[in-house]
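Single-letter residue listing:
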Amino acid sequence: MLRKPDEDLFEASKMSFGEHLEELRGTLWKAILALAIGCAIGLLPPVGGRVVKFVGEPLKAGLKEFRKKQATEAYERFAKEQEEAGVPGAENLMDGLDDYLKTGLVPGVYRVDPEELLRALRDLGVATDDAKAPAVTDKDGLLPLTLFTPLDGDRTTQLIATNVLDGFLVYVKAALLVGALLASPAVFYFLWSFVASGLYRHERSYIYIFLPFSIGLFLLGAGVAFYFAIGLVLQFLFGFFAMLDIDPTPRISEWLSFVLLLPIGFGVAFQLPLVMLFLERIGVFTVPIYLSYWRIAVLVIFILSMLLTPADPGSMLLLAVPLTGLYFGGVALCRFMPRRKTPLGDAIA
């Protein structure tokens, strides 16, 4: 007995436009519920507080590096000025500076009154009554004094809040970040289930293959953004502060907004191979088309990476280069991944 054509065979799997909208609404509500549960976990004090400290570390590290570079350059200019002025011992001012920097100490030049300094030393019992004040002073009669201070605890390397609501908003944003990460497996499952509702039965089996890879690629993209791209972004942006001679005082609330968006953007972008495989399997594109237009695809990837990342070239390349590799990985996935059989026993073209 001959089977009917495919359109009759899969008649039961068809859905009307209204049914698709209803399915979409249900999917969105389930995704929102998963996100809400994740955020509730993030609102727990042991979780939210640790997340705020964790996501603030890259910015604090960037501020410390900026402060170290700024202090070193200022001290080098001071040493050069002292040497040009013929101050005795000025040629030795830079000796041992690298050792101090490695231990987290940065130099700072302070100017004090020699007589006041001598009086303080006498009060401490360090200087005798017949000791004389140093004769080496600047044009104002003050003595240049180099002090090394630790970066840890330096107020210029701390994150600030300028609004009474910032503490609360920071905590909520940290909870959102936790919720997005914890809910991502469930959200991807609901989204892929919605996609599956519009497929034939033999096509729905791809969802069980796509889902684990989708979650893994999302976490990989988010990890690349947090551990690599953010550092490059900070290095680029702090360069403008140095060029304009401005001290950065970033707000923690604005920083968390940035940390929340960039990893999510990277995670979504890293879904490229699965999107390519899905489009190839349902017949929208073919492997020869992917290969023949690879130059245009790479150009589009670089343009989108430029638009989706901050202005620095480092983070753009950090998104564009992996995506280019993922594009060719998607081509290989389309070519070598075994095809499923239809209910009629034929391989899907």
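What you are looking at is a predicted structure, and each value in this text was computed from that prediction instead of being measured. (Residues numbered from 1 in each chain as written. Predicted model: local features only at pLDDT ≥ 70, side-chain atom pairs only at ≥ 80, totals over all residues. Heavy atoms only, no water.)

Considerations on the overall build of the protein chain
Thinking step 1. Helix and strand counts for the protein chain come out as 13 helices and two strands.
Thinking step 2. Relative to its 349 residues, the protein chain shows a buried fraction of 34%.
Thinking step 3. Considering only intrachain contacts with a sequence separation of at least 6, the fraction spanning at least 24 residues in the protein chain is 79%.
Thinking step 4. About 21000 Å² of surface is accessible on the protein chain, with carbon and sulfur atoms providing 66% of the total. (Helix = DSSP H or I, 4+ residues; strand = E, 2+ residues; numbered from the N terminus. Buried < 20%, exposed > 50% of the residue type's maximum accessible area, 1.4 Å probe, protein only. Contact = heavy atoms within 4.5 Å. Areas by Shrake-Rupley, 256 points an atom, 1.4 Å probe, with all protein chains shown as cover.)

A look at unusual backbone geometry
For residues besides glycine, phi is generally negative; the peptide bonds are generally trans as well.
Thinking step 1. The backbone of Asp-245 shows a phi angle near 60°, a positive value even though the residue is not glycine.
Thinking step 2. By relative accessible area, Asp-245 is classed as exposed at 67%.

A few points about the side chain of Thr-309
Thinking step 1. The topology assignment puts Thr-309 in the loop between α12 (294-308) and α13 (313-336).
Thinking step 2. Of note is the side chain of Thr-309, whose polar atom sits 2.6 Å from the backbone oxygen of Ser-305.
Thinking step 3. Apart from residues lying up to four places away in sequence, Thr-309 is in contact with Phe-266, Ser-315, Met-316 and Leu-319. (Polar contact = N/O pair within 3.5 Å; in protein donor to acceptor, adjacent residues only side chain to side chain.)

Observations concerning α13
One turn of an α-helix holds 3.6 residues; hence residues three or four places apart share an orientation.
Thinking step 1. Its 24 residues give α13 an end-to-end C-alpha distance of 34 Å, which sits within 8% of 34 Å, the value for a rise of 1.5 Å per residue.
Thinking step 2. Those residues of α13 not exposed but buried are Ser-315, Met-316, Leu-319, Ala-320, Leu-323, Thr-324, Leu-326, Tyr-327, Gly-330, Val-331 and Cys-334.
Thinking step 3. In the core, the buried residues of α13 are packed alongside α8 (207-244), α9 (252-269), α10 (272-281), α11 (287-292) and α12. (Expected span 1.5 Å × (residues − 1).)

Describing the environment of Asp-129
Thinking step 1. Here Asp-129 is to be found in the loop between α5 (114-123) and β2 (143-150).
Thinking step 2. Asp-129 gets classed as exposed once you look at its relative accessible area, which sits at 71%.

A short note on the packing of aromatic side chains
Given two aromatic rings, one states the distance between the centres and the angle between the planes to describe the pair.
Thinking step 1. The final tally for this structure, using the stated rule, is 15 aromatic pairs.
Thinking step 2. Ring plane angle 40° and centroid distance 5.6 Å describe the contact between Phe-66 and Phe-238, whose orientation is recorded as tilted. Of the two residues, Phe-66 is situated in helix α3 (residues 45-84) and Phe-238 in helix α8; the sequence distance between them amounts to 172 residues.
Thinking step 3. Residue Phe-238 is classed as buried on the basis of its relative accessible area, which comes to 9%.
Thinking step 4. Summarising the aromatic geometry, the rings of Tyr-100 and Phe-148 are spaced 4.0 Å apart at their centres and angled 15° between planes, so their arrangement reads as stacked. A residue pair is termed long-range when its members are at least 10 positions apart, and Tyr-100 in helix α4 (residues 97-102) and Phe-148 in strand β2 qualify at 48 residues. (Phe/Tyr/Trp six-rings, centres within 6.5 Å; stacked < 30°, edge-to-face > 60°.)

Quick notes on the nonpolar core
Thinking step 1. Core analysis: the biggest nonpolar cluster contains 51 residues, and Phe-266 and Phe-270 have the highest contact counts within it.
Thinking step 2. Listed by contribution, the elements that provide at least two residues to this core are α3, α6 (166-196), α8, α9, α10, α11, α12 and α13.
Thinking step 3. Sort the elements by how many residues they give to this core and α8 lands first, with 13 residues.
Thinking step 4. If near-sequence neighbours (up to four positions away) are discounted, Phe-266 is found in contact with Gly-221, Ala-222, Val-224, Ala-225, Ala-229, Thr-309, Ser-315, Leu-318 and Leu-319.
Thinking step 5. Of all hydrophobic cores here, the second largest spans seven residues; its members include Ala-71, Tyr-75, Val-106 and Leu-151. (Core = buried A, V, L, I, M, F, W, Y, C linked by side-chain atoms within 4.5 Å.)

What to know about the packing of α8 against α13
Thinking step 1. Packing of α8 against α13 brings their axes to within 7 Å, and their N-to-C directions diverge by 155°. Between α8 and α13, the angle falls in the class roughly antiparallel. When α8 is examined against α13, the residues Leu-217, Val-224, Phe-228, Ala-229, Leu-232, Val-233 and Phe-236 are found in contact with a partner set consisting of Pro-313, Gly-314, Ser-315, Leu-318 and Leu-326.
Thinking step 2. A per-class count over the contact of α8 with α13 returns ten nonpolar, two polar and no charged. (Axes fitted to C-alpha atoms, helices over the stretch in contact; angles between N-to-C directions. Parallel < 35°, antiparallel > 145°, perpendicular 65-115°, else oblique. Nonpolar A, V, L, I, M, F, W, Y, C, P; charged D, E, K, R; others polar.)

Here's the deal with the pattern of salt bridges
Two side chains bearing opposite charge may form a pair once their charged atoms approach each other closely.
Thinking step 1. Enumeration over the complete set of coordinates arrives at six salt bridges.
Thinking step 2. Among the salt bridges present, the one from Asp-166 reaches Arg-251, with a minimum N-O distance of 2.9 Å. Here Arg-251 lies in the loop between α8 and α9 and Asp-166 lies in helix α6, a separation of 85 residues in the sequence.
Thinking step 3. Classification of Arg-251 by relative accessible area gives partly exposed; the value is 23%. (Salt bridge = Lys/Arg side-chain N within 4 Å of Asp/Glu carboxyl O.)

Overview of a negative patch on the surface
Thinking step 1. On the surface, Glu-81, Glu-83, Glu-84, Glu-91 and Asp-95 cluster together into a negatively charged patch.
Thinking step 2. Positionally, Glu-81 belongs in helix α3. (Patch = residues over 30% accessible without salt bridge, like charges linked within 9 Å, V, L, I, M, F, W, Y side chains within 5 Å. Lys, Arg positive; Asp, Glu negative; His and termini not counted. Charge placed at Lys NZ, Arg CZ, Asp CG, Glu CD.)

Focus: the side chain of Gln-82
Thinking step 1. Note that Gln-82 resides in helix α3.
Thinking step 2. Among the residues examined, Gln-82 registers a relative accessible area of 16% and is labelled buried.
Thinking step 3. Discounting residues that sit within four places of it in the chain, Gln-82 has contacts with Val-87, Ala-90, Leu-93 and Pro-144.

Quick notes on the confidence of the model for the protein chain
Thinking step 1. With 87% of its residues at a pLDDT of 70 or more, the protein chain has an overall mean of 82.
Thinking step 2. The lowest-confidence element of the protein chain is helix α1 (residues 6-9), averaging 43 in pLDDT; the highest-confidence one is α11, averaging 92.
Thinking step 3. Note that residues 1-13 has pLDDT below 50 and, in this model, 15 contacts with residues that lie over four places away or in other chains.
Thinking step 4. Throughout residues 342-349 the model reports pLDDT below 50, and contacts reaching past four residues in sequence, or to other chains, amount to 19 contacts. (pLDDT = per-residue confidence, 0-100.)

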